[in-house]
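# Breakdown of the fold
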Amino acid sequence: MFALPLQGSVVPIVVLALLLILIFAVAQSVEIVKPYEKRALTVLGEYRKLLDPGLTFVPPFVSATYPFDMRTQTLDVPRQEAITRDNSPVTADAVVYIKVMDAKKAFLEVDDYKRAVSNLAQTTLRAVIGDMDLDDTLNKRQEINGRIRAELDEPTDEWGVRVESVEVREVNPTPEVQQAMEQQTSAERRRRAMILEAQGERRSAVETAQGDKQSNIIRAQGEKEAQILEAQGDALSTVLRAKSAESMGERAVIDKGMETLADIGQSESTTYLLPQELTSLVGRYGKHLSGSDVAEDAAELDSLDFDAETRELLGLDDIDEMIGQIDETAEMDIEGIDEEAEAIREGEDTPDIKDSNEVIEEMDTEADTELETEKS
């Protein structure tokens, strides 16, 4: 009586269990692979294939999949202590950028490719730093990066992983080494400061000496210019005095003679000796004033000018030309001195200026030559 109700209640339970097993089997047979990854498929522990991105069906219950991210991944290399080639302890850390190129090798050739690459990067970092001096480890970061990457390329290729880049973030010496480096840097800065100060003092001394030299040259040129102008002024004064004597003429000579006669007339002596030139001049002067018969053949008193022979002997006709030559020479000398002074201020070489004594000697030589020519 009780068997039928018991049998009727077992059937729904079995159906329900089978339905649950079927749902679970379907869930186990469906694999959804993301677009940036691949999955290694194993069936009963045997490698079968790589699953590409998308929806894939696999044998349920007896299969397993292992995902591999195909994007570039970042691995932090922990801080490492190393000894440089010159026995200086330092600490360094780095970042390694890797990418899985062959998921099959990454699955079959290495247990955990990320941990393997990280450990290999640590040992390589210590080895590279130990092969370099302290200064090189602090200054040649790119060289360290390149050497680490070169050392990682060959073993990681066997794992199906490519090392895209290695960046050393920090290389720090120990506090004792840092203190020694700071002392060395301070000493080097003091040395450079002393060198720069000494160079500045030497340059200042050189500039002062050059300035004194140029000042002395300009002062000497000024003295030469003053001497030349003084000599030219004396020559011009002499010529002007000669020209003034020309303007006096015979009348000045006669007036001087008449003053002499007046002094003679006031004398108590009764006998006088008169020069022939004076008597001739007195006769001519008296003839001109009173029309007396003294020196009837004498000519009337001429103008204030000297006769032609006297003017030629004194060189009075050439006074204007001589003054023009003196002015032209002075202008040329002054222009030359100004140009040389300007050249000195600009730091150029200056030619020598003629000494004033040479100029005077040349003028005297020219005058003597003219006199000798006139006498001949």
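Read on for an overview of the structure.

Calculation rules
Residues numbered from 1 in each chain as written. Predicted model: local features only at pLDDT ≥ 70, side-chain atom pairs only at ≥ 80, totals over all residues. Heavy atoms only, no water. Pairing = 2+ DSSP bridges. Helix = DSSP H or I, 4+ residues; strand = E, 2+ residues; numbered from the N terminus. Axes fitted to C-alpha atoms, helices over the stretch in contact; angles between N-to-C directions. Contact = heavy atoms within 4.5 Å. Core = buried A, V, L, I, M, F, W, Y, C linked by side-chain atoms within 4.5 Å. Buried < 20%, exposed > 50% of the residue type's maximum accessible area, 1.4 Å probe, protein only. Expected span 1.5 Å × (residues − 1). Bend = angle between axes of the 7 residues up to and from the residue.

### A look at the sheet that holds strand β7 (residues 89-100)
Taking strand neighbours across the sheet as the criterion, the three strands line up as β6-β7-β8 in an open arrangement whose pairing is antiparallel. Of all the strands in the sheet, the pair left with one neighbour each is β6 (73-83) and β8 (161-173). Strand after strand, the sheet turns through a mean of 20° between neighbouring axes, direction not considered. Both β6 and β7 contribute to a ladder of nine bridges, which runs antiparallel. In the sheet register, Leu75 faces β7, and the bridge partner there is Val96. On the sheet, helix α3 (residues 113-130) packs against β6, β7 and β8 and is oriented at approximately 35° with respect to β6. Contacting β7 and β8, helix α5 (residues 141-158) runs over the sheet at an angle of about 145° to β8.

### Here we look at the nonpolar core
Side chains of a nonpolar character, in soluble globular proteins, are inclined to be buried together. In this structure, Val96, Ile98, Tyr113 and Ile148 are the most contacted members of the largest nonpolar core, which totals 34 residues. When contributions to this core are tallied by element, the ones reaching two or more residues are β6, β7, α2 (103-108), α3, α5 and β8. Here the element with the most residues in this core is α3; it accounts for seven residues. Counting five residues, the second largest nonpolar core, distinct from the first, contains Val33, Leu41, Val43 and Val58.

### Quick look at α5
Taking 1.5 Å of rise per residue, the 18 residues of α5 would be expected to cover 26 Å, and the 27 Å separating its terminal C-alpha atoms lies within 8% of that figure. Its axis deflected by about 35° at Leu152, α5 carries its strongest bend there, up to four residues before the proline Pro155. What α5 keeps buried is the set Ile144, Asn145, Ile148, Leu152 and Thr156. In this fold, the buried residues of α5 make contact with β7, α3, α4 (134-139) and β8. Residue Gly160 follows α5 closely and has a positive phi angle near 75°.

### Focus on the sheet that holds strand β3 (residues 46-51)
Reading across from one edge, β3-β2-β5 is the order of the three strands in this open sheet, with antiparallel pairing throughout. Bordering the open sheet on either side are β3 and β5 (63-69), each of which pairs with just one other strand. Neighbouring strand axes in the sheet, compared pairwise and without regard to direction, differ in orientation by 25° on average. Inspection of the sheet shows strand β2 (residues 37-43) paired to β3 by five bridges, in the antiparallel sense. Note that in β3 the partner of Ala40 across the bridge is Leu50.

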